[in-house]
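Architecture at a glance
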Amino acid sequence: MKQEADVIIVGAGPAGLGVAVALRACGMTDVLIVDSAGVGASFDAWPDHMRLLTPSFFSNPFGITDLNAITPNTSPAEFLRTEHPTGAQYARYLRAVASYYKLCVDAGITVTGLRRAGREGGIELKTSAGKMRGRFVVWAAGEFAQPSAGTLRGAEIGLHSSRIRDYKELKGAEFAVIGGYESGVDVAIRLMWLGKDVSLYSRGEPWRTHDLDPSLQLAPFTFDRLQAALKDASGCIRFHKDTGISEIRAADGAYELVDERGLVHVSATRPIIATGFSGSLGIAGGCFDWKEGAPVFSEEADESTRMEGLFYSGPQLRHRGAKFCFIYKFRARFGIIAREIARRLDLEWEEPLKAWRKAGFMNDDLDCCTDCRCDVEHEEAAHV
Ligand SMILES: Cc1cc2nc3c(=O)[nH]c(=O)nc-3n(C[C@H](O)[C@H](O)[C@H](O)COP(=O)(O)OP(=O)(O)OC[C@H]3O[C@@H](n4cnc5c(N)ncnc54)[C@H](O)[C@@H]3O)c2cc1C
């Protein structure tokens, strides 16, 4: 097994593989991707019913790359023949990309620590397979492994939505769902089609929000499904707007949900927590500076301002208050990271990355997205 490489990428999801392909385009061959499970493992772990909300469409020949693609010239829609891939389907697309570009992926290696290497330079990784050293490291370990309940007290009594494998196995006729954004509304829709009654609690009223930024409102896919469920499903839904839940507690065989005003709502079944995923960087968190609860990345290349040579790719990326939380957003920096590493290795990047620039995978206009919904969601999670 290889213990050293010019570039080690931690995580073989879209963020890690996308950077790897851009590096490969610049002629970098000594690139190793390590993953505790394997290519697309997070997506393989999705329950069968989950689908990507962002639509895939084969618009590449007309200069608009499929929104879920991780390279300028591939398309999940074209490869999978579906608009909203399931996790398993999208993982199949990622494996096809890894295989086509002959990316070197070592599966079954978990990174448990990072530090500056000593005299040799670069960054040393502590892993389940011993020490490894990369001249550069790209942290792309995702967030799916870290479900979050924000500051909700008693969250351990509830059930996080990402842990539901089969809705038919949920016993009971009435359910309380905490969190009214994509995952909460998705849970509610599924339960309604099973004839269950749902109480949906949320700060604000996200199911009614209209905004020009697609991240600031329910995905059209979700909105269509909600309309269909409201019209035809046998279950019903009660929307509780402006009702952030701060605590869950067990009481006499039922559950009490205490809202921020101190009002108590009762649920006969285990409350479902749909407040998303943790905004942390996991074990790499200490290698980055933090400001106001968010990690800081260099504007030039999404590099740690604390550990030179450590880059970040993925949904935790933030610049100027904007969070690059979807694939079509964080892929906009794949070319930027590759360019910086290529420059430092004295490799040609301008011509090789032309397709990345043209397709919007090399965006250095950091005013591209402001006031992002993921930030709102983050706040929501912190105040549920
Ligand atoms: C239900 C649902 C629907 C979604 N819909 C959309 C959508 O429509 N559009 C969209 O753009 N995004 C969507 N997302 C978000 C999207 O899935 C994530 O943004 C994306 O997976 C992030 O990619 P990533 O490569 O950073 O992380 P991941 O895909 O999670 O990959 C990270 C990889 O790192 C590995 N890893 C983790 N820790 C370690 C470690 N310590 N050592 C070694 N390996 C490690 C994991 O095994 C994993 O393979 C959705 C998410 C969910 C849950």
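Residues numbered from 1 in each chain as written. Predicted model: local features only at pLDDT ≥ 70, side-chain atom pairs only at ≥ 80, totals over all residues. Heavy atoms only, no water.

**A few points about the side chain of Asn60**
Examined against the element boundaries, Asn60 turns out to sit in the loop between helix 2 (41-44) and helix 3 (76-80). Overall, the relative accessible area of 16% leaves Asn60 in the buried class. Among the polar contacts made by the side chain of Asn60, one reaches the main-chain carbonyl oxygen of Thr74 at a distance of 2.8 Å. Setting aside residues up to four positions removed in sequence, Asn60 forms contacts with Thr65, Asp66, Pro72, Asn73, Thr74 and Ser75. (Helix = DSSP H or I, 4+ residues; strand = E, 2+ residues; numbered from the N terminus. Buried < 20%, exposed > 50% of the residue type's maximum accessible area, 1.4 Å probe, protein only. Polar contact = N/O pair within 3.5 Å; in protein donor to acceptor, adjacent residues only side chain to side chain. Contact = heavy atoms within 4.5 Å.)

**Digging into the sheet that holds strand 7 (residues 159-160)**
The 5 strands lie next to each other as 7-14-8-9-10, forming an open sheet whose pairing is parallel. Two strands close off the open sheet at either side, each with one partner strand: strand 7 and strand 10 (237-240). Both strand 9 (residues 197-201) and strand 10 contribute to a ladder of 4 bridges, which runs parallel. In the sheet register, Leu200 faces strand 10, and the bridge partner there is Phe239. Lying over the sheet, helix 5 (residues 182-193) contacts strand 8 (174-178), strand 9, strand 10 and strand 14 (272-273), oriented at roughly 170° with respect to strand 9. (Pairing = 2+ DSSP bridges. Axes fitted to C-alpha atoms, helices over the stretch in contact; angles between N-to-C directions.)

**Observations regarding the pattern of salt bridges**
With the rule as written, the count across this model stands at 24 salt bridges. A salt bridge links Arg306 to Asp289; the nearest nitrogen and oxygen atoms lie 3.8 Å apart. With Arg306 in the loop between strand 16 (294-295) and strand 17 (310-312) and Asp289 in the loop between strand 14 and strand 15 (290-291), this residue pair connects regions lying 17 residues apart in the sequence. Overall, the relative accessible area of 46% leaves Arg306 in the partly exposed class. The closest approach of N and O atoms between Asp364 and Arg339, which form a salt bridge, is 3.4 Å. One end of the pair, Asp364, is in the loop between helix 9 (354-358) and helix 10 (373-383); the other, Arg339, is in helix 8 (residues 334-344), and 25 residues separate them in sequence. Given the relative accessible area of 42%, Asp364 is considered partly exposed. By sharing partners, the salt bridges in this structure join Arg153, Glu247, Arg249 and Glu256 into a single network. (Salt bridge = Lys/Arg side-chain N within 4 Å of Asp/Glu carboxyl O.)

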